[in-house]
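Structural overview
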Amino acid sequence: MKEVIHSDCRQSMYLRLSITEVCSFHCQYCQPNGIMEKVAKTKYLTPQEIQKLIQSLADLGVTRVRLTGGEPLIRPEVLEIIERIRSVSGIREISLTTNGMRLQRFAADLKRAGLDRINVHLDSLNNDRFSKLTKNGSLKSVLGGIDAATKVGLTPVKVNTVLMKGINDDELVDFCNYAGESGVTVRFIELMNTGPSQEFVRKHFLSAKEAKRYLGKQFDMVPRFDQQGGAPAQEYLLPGLKDTTIGFIAS
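Residues numbered from 1 in each chain as written. Predicted model: local features only at pLDDT ≥ 70, side-chain atom pairs only at ≥ 80, totals over all residues. Heavy atoms only, no water.

1. What to know about the overall build of the protein
For the protein, the count of helices and strands is eight helices and nine strands. Looking at the protein residue by residue over its 251 residues, the buried ones come to 47%. Long-range contacts, defined here as pairs at least 24 residues apart, represent 69% of the contacts in the protein between residues at least 6 apart. Within the structure as shown, the protein displays about 13000 Å² of accessible surface, and the carbon and sulfur contribution to it stands at 50%. (Helix = DSSP H or I, 4+ residues; strand = E, 2+ residues; numbered from the N terminus. Buried < 20%, exposed > 50% of the residue type's maximum accessible area, 1.4 Å probe, protein only. Contact = heavy atoms within 4.5 Å. Areas by Shrake-Rupley, 256 points an atom, 1.4 Å probe, with all protein chains shown as cover.)

Following this line, the structure appears as structure tokens:
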């Protein structure tokens, strides 16, 4: 632990904190067997315990916190959790990753609570395909949530799109055009070969390299060299689309 608090590490220390295991989507590469059972409240840290944990980690040099799930907006105390983290000295940025279903309703409250920015998971811009992929999702609600997040200043809004051969690989250009129209950053993410979804991954894996090669034939792509340290994505500007930013994340 002494090595962790070395001053050279302080600028890049970053924490991802899952505040629930429950999710309203049943994506095949994540929850192929259906709804994850609700976990008893006693299994989770309380907002007060989370605040205490974050303060201890901030004292060790953590400056950025990302809240994840499951779906973090399902957690009833999510706004209190954000408020408590915001009060911790040394925390410079709080972000959150969501499937977007409840985002339109929560966007303004999240901003008031102290959230800085948001990532939204979105695997298709086709309504029927989106419904089939999530088994419980509304594309209209997610797109409305992204618009709401942009309007209240939870920016830059980043849209995470999992690459799936034979499923959404025909939408790569559509996602780039959507990024240009909406002002979001789209990040194409490789499937990860984990858990019960290994057969699905073997069948539908599409590498970030292949996606980048394909899009490089459709658009001028200029590498970005001003990314925040430790960012997982290789980012590119698309000058022909209002300098839209897209990224690629390999597993």
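2. Remarks on the pattern of salt bridges
Any two side chains of opposite charge can pair if their charged atoms end up close together. Going through the model one piece at a time under the given rule, you end up with nine salt bridges. Among the charged side chains, a salt-bridge network with shared partners connects R129, D170 and E171. (Salt bridge = Lys/Arg side-chain N within 4 Å of Asp/Glu carboxyl O.)

3. Notes on the environment of K158
Counting through the fold element by element, K158 comes out in strand 5 (residues 158–162). Owing to a relative accessible area of 14%, K158 belongs among the buried residues under this scheme.

4. Side note on the packing of aromatic side chains
All told, the structure shown has five aromatic pairs when counted by the stated rule. Summarising the aromatic geometry, the rings of Y29 and F200 are spaced 6.4 Å apart at their centres and angled 40° between planes, so their arrangement reads as tilted. Of this pair, Y29 sits in the loop between strand 1 (14–18) and helix 1 (47–59) while F200 sits in helix 7 (residues 198–204), and the two are 171 residues apart along the sequence. Just as Y29 is buried, F200 falls in that class too. Ring geometry for Y236 against F248: centres 5.9 Å apart, planes inclined by 75°, an arrangement best described as edge-to-face. (Phe/Tyr/Trp six-rings, centres within 6.5 Å; stacked < 30°, edge-to-face > 60°.)

5. So, the packing of helix 3 (residues 103–113) against helix 5 (residues 139–152)
At a minimum axis separation of 8 Å, helix 3 and helix 5 run at an interaxial angle of 20°. Here helix 3 is positioned roughly parallel relative to helix 5, judged by the angle of their axes. Regarding helix 3 and helix 5, the two cross each other, and that crossing is right-handed. On helix 5, the residues touching L103, Q104, A107, A108 and K111 of helix 3 are S141, G144, G145, I146, A148, A149 and V152. Grouping the constituent residues of the contact of helix 3 with helix 5 by class yields seven nonpolar, four polar and one charged. (Axes fitted to C-alpha atoms, helices over the stretch in contact; angles between N-to-C directions. Parallel < 35°, antiparallel > 145°, perpendicular 65-115°, else oblique. Left-handed = near helix turned anticlockwise from the far one by under 90°. Nonpolar A, V, L, I, M, F, W, Y, C, P; charged D, E, K, R; others polar.)

6. Description of helix 8 (residues 208–218)
An α-helical turn contains 3.6 residues, so a residue and the one three or four places further along point in the same direction. Within helix 8 the residues assigned to the buried category are A208, A211 and L215. Along the long axis of helix 8, the arc covered by the buried residues comes to 60°, so they all point the same way. Opposite the buried face of helix 8, at more than 90 degrees from it, the exposed residues are K209 and K217. Buried positions along helix 8 lie against helix 6 (172–182), strand 6 (185–189) and strand 9 (244–249). (Arc of directions from axis to C-beta.)

7. Focus: helix 1
Given a rise of 1.5 Å per residue, 13 residues ought to cover 18 Å, and the 18 Å separating the end C-alpha atoms of helix 1 matches this to within 8%. Here helix 1 has its buried residues at P47, I50, I54 and A58. Seen from one end, helix 1 has its buried residues packed into an arc of 70°, which puts them on one side. Of the exposed residues in helix 1, those oriented more than 90 degrees away from the buried face are K52 and D59. Those residues of helix 1 that are buried lie in contact with strand 1, strand 2 (64–68) and helix 2 (78–86). G61 sits one or two positions beyond helix 1 and adopts a positive phi of about 120°. (Expected span 1.5 Å × (residues − 1).)

8. Observations concerning the state of the cysteines
This model, assessed by the stated rule, comprises zero disulfides. A disulfide-free cysteine, C23 has its sulfur positioned 6.5 Å from the sulfur of C30, the nearest such atom. Its relative accessible area of 15% is what places C23 among the buried residues. C30 forms no disulfide, and the closest cysteine sulfur to it belongs to C27, at a distance of 6.4 Å. (Disulfide = S-S within 2.5 Å.)

9. What to know about the pairing of strand 1
The alternating pattern of strand 1 places L15 and L17 on a buried face and Y14, R16 and S18 on a face that is not buried. The pairing of strand 1 with strand 2 spans five bridges and is parallel. Of the residues in strand 2, the one forming a bridge with L15 is V65. (Pairing = 2+ DSSP bridges.)

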